[in-house]
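# Examining the three-dimensional arrangement
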Amino acid sequence: MWRRVASVSHLFSHSKSTKFNQGASTFKIWETFTSESEIPTPSKGSPFVTFVLGGPGSGKGTQCAKIVEAFGFTHVSAGDLLRREIASGSAYGSVILSTIREGKIVPSQVTVELIQKEMESSDNYKFLIDGFPRSEENRKAFEQTIGAEPDVVLFFDCPEQEMVKRVLNRNQGRVDDNIDTIKKRLEIFDELNWPVINYYSQRGKLHKINAVGTVDEIFEKVRPIFAPLSTLSSLFGKDHCEEWKFVPKEAS
Ligand SMILES: Nc1ncnc2c1ncn2[C@@H]1O[C@H](COP(=O)(O)OP(=O)(O)O)[C@@H](O)[C@H]1O
Ligand SMILES: Nc1ccn([C@H]2C[C@H](O)[C@@H](COP(=O)(O)OP(=O)(O)O)O2)c(=O)n1
């Protein structure tokens, strides 16, 4: 589905101590990583995908905004896409609304289709997929439909009490930000999201982040995970984004 116009992926396959000569200077990249398994290694022909996991109110959306600002990702929030679909009055709208109201998970086919459209309409190659996958069914549907594995998986680990407090204070008028629906969402999170978290943990892709603290404190734990991407920018300048640009297959 995706084609890389030109690739610099070979840079990602070096170990953390690789040195690059640039003029008089020698750059060492990946030094913020502590192990090989933490190095993002986008595969040829795929977008660079980061899944952002965590319970309701754990701060996923807040941290995504910081990552977008610092590292130029495109933020694709599954919850926002579903809410947009409801607002658009589409055929799926009423089913999505009642599912969200009950604190349940919308069928994967619907969510993956919305994510796919959003990715295909973007010029970017770096995506933060926020609030997805929320279940093994979500995960498998994405892999089958989009044909991509995530390069990085973030998991914002937050105590339940803190999540409840944050959601009740969110004040965005969401139909699911009330105590009854939150209880249900937390139950569903416990039941369906842990298998996904364990799956990526076993594959060495999971970055578990303690989500308690100020927004800036938490972001300082997130920043090193993406540092190699900004090292690439400083080595190659903004044009490297163009080199990585993805175009839909049909247009190639
Ligand atoms: N570190 C934090 N400390 C306190 N409140 C936070 C923190 N991060 C986010 N929030 C607030 O908590 C609420 C939920 O955050 P949000 O990013 O929307 O969570 P999620 O996307 O995981 O549901 C928002 O009102 C947000 O402003
Ligand atoms: N992969 C997803 C993501 C969200 N949803 C639905 C169910 C969720 O309770 C709502 C809101 O999701 P959103 O990620 O915006 O909110 P929280 O992280 O739960 O605060 O959307 C879904 O069905 N499937």
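As the structure is a prediction and not an experimental result, all values here were calculated from the model.

What counts as what
- Residues numbered from 1 in each chain as written.
- Chains lettered and ligands numbered in written order.
- Predicted model: local features only at pLDDT ≥ 70, side-chain atom pairs only at ≥ 80, totals over all residues.
- Near = placed C-beta within 6 Å.
- Helix = DSSP H or I, 4+ residues; strand = E, 2+ residues; numbered from the N terminus.
- Nonpolar A, V, L, I, M, F, W, Y, C, P; charged D, E, K, R; others polar.
- Buried ≥ 20, exposed ≤ 12 C-beta atoms within 10 Å, placed from the backbone.
- Contact = placed C-beta atoms within 7 Å.
- Pairing = 2+ DSSP bridges.
- UniProt positions renumbered as here; feature names shortened; annotations may be inferred.
- Axes fitted to C-alpha atoms, helices over the stretch in contact; angles between N-to-C directions.
- Core = buried A, V, L, I, M, F, W, Y, C linked by C-beta atoms within 7 Å.

### So, the site of ligand 2
- Around ligand 2, a shell composed of 17 residues is seen, among which Pro56, Ala78, Gly79, Val106 and Gly131 lie nearest.
- It is helix H2 (residues 78–87) that contributes the most residues to the shell around ligand 2, 3 residues altogether.
- Among the residues forming the shell around ligand 2, the class breakdown is 7 nonpolar, 6 polar and 4 charged.

### Points about the site of ligand 1
- Taken together, 15 residues lie around ligand 1, and Gly59, Lys60, Gly61, Thr62 and Arg166 are the ones closest in.
- Of all the secondary-structure elements, those providing two or more residues to the shell around ligand 1 are helix H1 (60–71) and helix H8 (215–236).
- With 3 residues, the top contributor of residues to the shell around ligand 1 is H1.
- Looking at the shell around ligand 1 residue by residue, the classes come out as 3 nonpolar, 9 polar and 3 charged.

### As for the environment of Ile105
- Along the chain, the position of Ile105 falls in the loop between helix H3 (93–101) and helix H4 (108–120).
- What makes Ile105 buried here is the crowd of 20 C-beta atoms within 10 Å.
- With 83 residues separating them in the primary sequence, Ile105 and Ile188 have C-alpha atoms 8.2 Å apart.
- Residues within four places of Ile105 in sequence aside, it is in contact with Arg134, Ser135, Ile188 and Leu192.

### What about unusual backbone geometry?
- Omega for the peptide link from Phe132 to Pro133 comes to -5 degrees, which places this bond in the cis form.
- In this structure, Pro133 sits in the loop between strand S6 (126–130) and helix H5 (136–146).
- With a phi close to 55 degrees, Asn171 is a non-glycine residue in the positive phi region.
- Its place among the elements puts Asn171 in the loop between helix H6 (160–168) and helix H7 (179–202).

### Some remarks on the pairing of S6
- Within S6, 5 of the 5 residues are buried, which leaves it mostly tucked inside the rest of the structure.
- What you see with S6 is no split at all: Lys126, Leu128 and Asp130 on one side and Phe127 and Ile129 on the other are buried throughout.
- Strand direction decides the pairing type here: strand S5 (residues 74–77) and S6, joined by 4 bridges, are parallel. Opposite Val76, over in S6, you have Ile129 as the bridge partner.

### Some points on the UniProt feature "binding site: a ribonucleoside 5'-phosphate" (unreviewed entry) in the protein
- Cross-referencing UniProt, the feature "binding site: a ribonucleoside 5'-phosphate" (unreviewed entry) maps to Arg83, Lys104, Ile105, Val106, Gly131, Phe132, Pro133, Arg134, Arg174 and Arg185 in the present numbering.
- Tracing the sequence through the fold places Val106 in the loop between H3 and H4.
- Beyond its immediate sequence surroundings of up to four residues, Val106 is in contact with Leu82, Ile96, Thr99 and Thr111.
- If you trace the backbone, Arg185 turns up in helix H7.
- Ignoring anything within four residues of it in the chain, the contact list for Arg185 reads Pro56, Gly103 and Asp176.

### Details of the sheet that holds strand S4 (residues 48–54)
- The parallel open sheet is built from 5 strands, whose spatial order is S5-S6-S4-S7-S8. Sheet topology places S5 and strand S8 (206–210) at the edges, where each strand pairs with a single neighbour. Strand-to-strand, the axes of this sheet are offset by a mean angle of 20 degrees, without reference to chain direction.
- Packing of H2 onto the sheet brings it into contact with S5 and S6, and relative to S5 it is tilted by some 65 degrees.

### Some details on the nonpolar core
- Of all hydrophobic cores here, the largest spans 45 residues; its most connected members are Ile115, Leu128, Ile129, Val153 and Leu154.
- Among all residues touching Leu128, those that are not within four sequence positions of it are Thr50, Val52, Cys64, Ile67, Val68, Phe73, His75 and Val76.

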